[in-house]
There are 2 protein chains.
Amino acid sequence: MINEQAYELGSKRSVIREIFEYAKKRGEEIGQENVFDFSIGNPSVPAPAKVNETIERLLRETPSVALHGYTSAQGDKEVRAKIAANLNFRFGVGVSADNLYMTCGAAASLCAALHAICQSGDEMIVFAPYFTEYKVFVEGAGAKLVTVGANADLLPSITEFERAITPKTKGVIVNSPNNPSGVVYGEKTLQALAAVLRKKQEEYGAPIYLISDEPYRELVYDGEAVPFPMNYYENTLSCYSWSKALSLPGERIGYVAVSPKAKESEKLYAAVCGAGRKLGYVCAPALFQRVAAECDGLTGDLSVYKRNRDLLYAALKGYGFSCVYPSGAFYLFMQSPEADAYAFCERAKKYELLFVPSDDFGLKSYVRIAYCVDTETIKRALPKFKELAKEYGL
Amino acid sequence: MINEQAYELGSKRSVIREIFEYAKKRGEEIGQENVFDFSIGNPSVPAPAKVNETIERLLRETPSVALHGYTSAQGDKEVRAKIAANLNFRFGVGVSADNLYMTCGAAASLCAALHAICQSGDEMIVFAPYFTEYKVFVEGAGAKLVTVGANADLLPSITEFERAITPKTKGVIVNSPNNPSGVVYGEKTLQALAAVLRKKQEEYGAPIYLISDEPYRELVYDGEAVPFPMNYYENTLSCYSWSKALSLPGERIGYVAVSPKAKESEKLYAAVCGAGRKLGYVCAPALFQRVAAECDGLTGDLSVYKRNRDLLYAALKGYGFSCVYPSGAFYLFMQSPEADAYAFCERAKKYELLFVPSDDFGLKSYVRIAYCVDTETIKRALPKFKELAKEYGL
């Protein structure tokens, strides 16, 4: 009688959520400090001080009705202009306020972008490993998820990508730095993807859109900058959220930027606005629109994540585990020493080590280790990892 | 190539937005103080002082990672428990935290409720006059909007309602105090609606849901309390937002409450959670979840709206206009002295009076006057209304 698909989505807990609940329960039994929970991608460093300072200043300086009132549906114009200016300064993309649609976070950004371009029968391509909710969002927009496999370095297989594109392909989702792998797509990868997309949209005579999911854009640790996909391909929609960079995941603030070079860019932007309206989220949270605009470009203390990454990656390699080198985000992707990642995760539980099997990310035989935790937690967990490696004879 | 429906929704400005933009432009020409803009339902009184005080206290007392971090998908458990307790205190409904799903505002509440119950081919009934976006939200959930007319007092025609229910009817949206009419549904109306719903769901052997849209729940001016629909009918989902009561429309914070007496209430709640997930808004804005829980039950200074209402209603009646007595919300619904409300609104523009023709609310020959403005603005506008009345020979 109700919508069964909605019921399924609401009643079936995600694997990550299962592990999270297990960690809480186990912590009550043996003490939280004895449970090593690497399951959740929740920033562990505080927001930059300027975030709370900006909130306090706005409360002092702005009359209540103006501060907490509606902004325009697509977001406050000054806010959008400021963010556009920052994007242009950093990436030289030539966007303006009228290319930006403010949203209540990364999920909303993706949904607005998908509902703007997709209709029933369309296909959206994702590259394994991919963030599990992509499937929910793509299907919610009426399209079908098509998965393309990865090479050994966990970068997308370009050959397989080209083969996967059909006349039904409406677009592809790219996520770099990647959740769950921590891999960053370099220039060459983006150029190769763009070349295939251009070839195929010419062949089929219809645009194929690149939706770039960029919440980890600023989280990179080896000095290299993350190439900005919009600079490599015209028909791009950049989906952003300040959740990770500013450590504000609960505050739900992000945007969709439509490339001014996209085919019929203004029409595409109007469709993003209309999708937001249909989905029920016009006017992103007003206070945090202004906070985000003021703090855009800042980050929490990334040196913590870098230290964690270095420590964990070196130790795990030393113990004999196979890991993909994670240049960004705060995830480490490790090969399971047995084919069944679920079984591996169960065995790790004996050592109170909790991480997520890769199957839900569209790839078998890996685990995702979220290292956005206290560095001390990692240090105390290392002997457990060592024992786990020994059990597998590594 | 893109989603044409989304493009339509994004490119076609609403009538209200058109008038709003006109007001801004006209204000630049002749001075904002000379334009009497009654088009927008934006609270004109500040948020209660406790709102900003609570924000400041939370910033002082709560570590950043906890304050700005993810809450659970359905909202912080303590927040939901507190709001449930307030609902029980005020209305004795017996809800718990697990009946509440926190959302990013009224539109999100409605969309989550609609997507939880509707599927393609369903019908949703609304009573004219109704909030224009209902059509967008209902169609976005795949259902068809069916409009039922009003009696002379602008309460729903119960006879017409009963005739409109078919085996395809999935539910009905009730909005009291009403936008755009300001009318409050009394006990008798709710009892009559519930009786029809019970009869019909027995006849068809399937639940028919009542979605109660309640952002104006606390905005009433004649001492009477607004009857709480969930107390009159079991299969009810209450959709709330603090936008109007706390004057926080920009902060996007509300909830869906599923009646614990609804058929398979837990399953229905799970469907609401799943709908929220599919629509991309799990975890409502975290800081304002806590602010709302602390300030729930407070309101801005409603005496301003009451004064405005009294002043405007008495004056307009005195000038010879026919008005529906508005017990709540901050809208006054006035009959157009000519059949074409658009023409009337155009003529009113000569006097710099701006209000919204009722056609988009599903009813002809009325205008909506939003009196959530400075009382001084109303006082200065009254002579203009008088001249307008004279022009029609009232």
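Scroll up to find the structure this text is about.
Here's what I pulled together on the structure shown here.

The rules behind each value
Residues numbered from 1 in each chain as written. Chains lettered and ligands numbered in written order. Predicted model: local features only at pLDDT ≥ 70, side-chain atom pairs only at ≥ 80, totals over all residues. Heavy atoms only, no water. Helix = DSSP H or I, 4+ residues; strand = E, 2+ residues; numbered from the N terminus. Contact = heavy atoms within 4.5 Å. Buried < 20%, exposed > 50% of the residue type's maximum accessible area, 1.4 Å probe, protein only. Pairing = 2+ DSSP bridges. Phe/Tyr/Trp six-rings, centres within 6.5 Å; stacked < 30°, edge-to-face > 60°. Lys NZ or Arg CZ within 6 Å of the ring centre and 35° of its normal. Axes fitted to C-alpha atoms, helices over the stretch in contact; angles between N-to-C directions. Parallel < 35°, antiparallel > 145°, perpendicular 65-115°, else oblique. Left-handed = near helix turned anticlockwise from the far one by under 90°. Nonpolar A, V, L, I, M, F, W, Y, C, P; charged D, E, K, R; others polar.

Describing the side chain of R309 of chain A
- When you line up the elements, R309 of chain A lands in helix 12 (residues 302-319).
- Residues contacting R309 of chain A, with those up to four places away along its chain left out, are Y221, D222, Y325, P326, S327 and Y371 of chain A.

Observations concerning the pairing of strand 2 (residues 100-103) of chain A
All names here are of chain A.
- Taking every second residue as pointing to the same face, both faces of strand 2 are buried, with L100 and M102 on one and Y101 and T103 on the other.
- As defined by bridge partners, strand 2 adjoins strand 8 (residues 254-258) across four bridges and the pair is classed as antiparallel. Directly across from M102, in strand 8, lies its bridge partner Y255.

Examining the packing of aromatic side chains
- This model, assessed by the stated rule, comprises 37 aromatic pairs over all chains.
- Taken together, a centroid distance of 5.2 Å and an interplanar angle of 70 degrees make the contact between F127 of chain B and F161 of chain B edge-to-face. Remark: F161 of chain B occurs in helix 8 (residues 158-164) and F127 of chain B occurs in strand 3 (residues 123-127); sequence separation between them is 34 residues.
- Residue F127 of chain B is classed as buried on the basis of its relative accessible area of 3%.
- Residue F161 of chain B is classed as buried on the basis of its relative accessible area of 1%.
- Between F355 of chain B and F385 of chain B, the aromatic rings sit 5.9 Å apart at their centres with planes inclined by 15 degrees, giving stacked as the arrangement. Here the residue F355 of chain B occupies a position in the loop between strand 11 (353-354) and strand 12 (356-357), and F385 of chain B occupies one in helix 14 (residues 375-391), the gap between them amounting to 30 residues.
- On the basis of relative accessible area, F355 of chain B is assigned to the buried category, the value being 2%.
- Clustering of aromatic rings is evident, with ring pairs tying together F38, F321, F344, F355, F385 and Y392 of chain A.
- A cation over a ring is seen here: K349 of chain B above Y22 of chain B, with NZ or CZ 4.2 Å from the ring centre.

Looking at the sheet that holds strand 12 (residues 356-357) of chain A
All names here are of chain A.
- Here we have four strands laid out as an open sheet, ordered 9-10-13-12, and antiparallel in their pairing. The two strands at the open ends of the sheet, each matched to only one other strand, are strand 9 (323-324) and strand 12.
- Sheet topology places strand 9 next to strand 10 (residues 331-335); two bridges connect them, and they run antiparallel. Within the sheet, the bridge partner assigned to C323 lies in strand 10 and is M334.

Here we look at the sheet that holds strand 7 (residues 236-241) of chain A
All names here are of chain A.
- Pairing in this open sheet of seven strands is mixed, and the strands run 2-8-7-6-5-3-4 from one edge to the other. At either margin of the open sheet sits one strand with a lone partner, and together these are strand 2 and strand 4 (144-148). Neighbouring strand axes in the sheet, compared pairwise and without regard to direction, differ in orientation by 20 degrees on average.
- Here strand 3 (residues 123-127) runs beside strand 4; their pairing, made up of five bridges, is parallel. Looking at strand 4, one finds that M124 is bridged to L145.
- Running over the sheet, helix 7 (residues 133-140) touches strand 3, strand 4, strand 5 (169-174) and strand 6 (209-213) and is turned about 140 degrees from strand 4.

With respect to the packing of helix 5 (residues 77-91) of chain B against helix 11 (residues 286-295) of chain B
All names here are of chain B.
- Look at helix 5 against helix 11: their axes get within 9 Å of each other, and the N-to-C directions meet at 25 degrees. What the angle tells us is that helix 5 and helix 11 run roughly parallel. In this structure, the crossing between helix 5 and helix 11 has a hand that is left-handed. Contacts between helix 5 and helix 11 pair V79, K82 and I83 from the former with Q289, R290, A293 and E294 from the latter.
- A per-class count over the contact of helix 5 with helix 11 returns three nonpolar, one polar and three charged.

Purely geometric numbers; function is a separate question.
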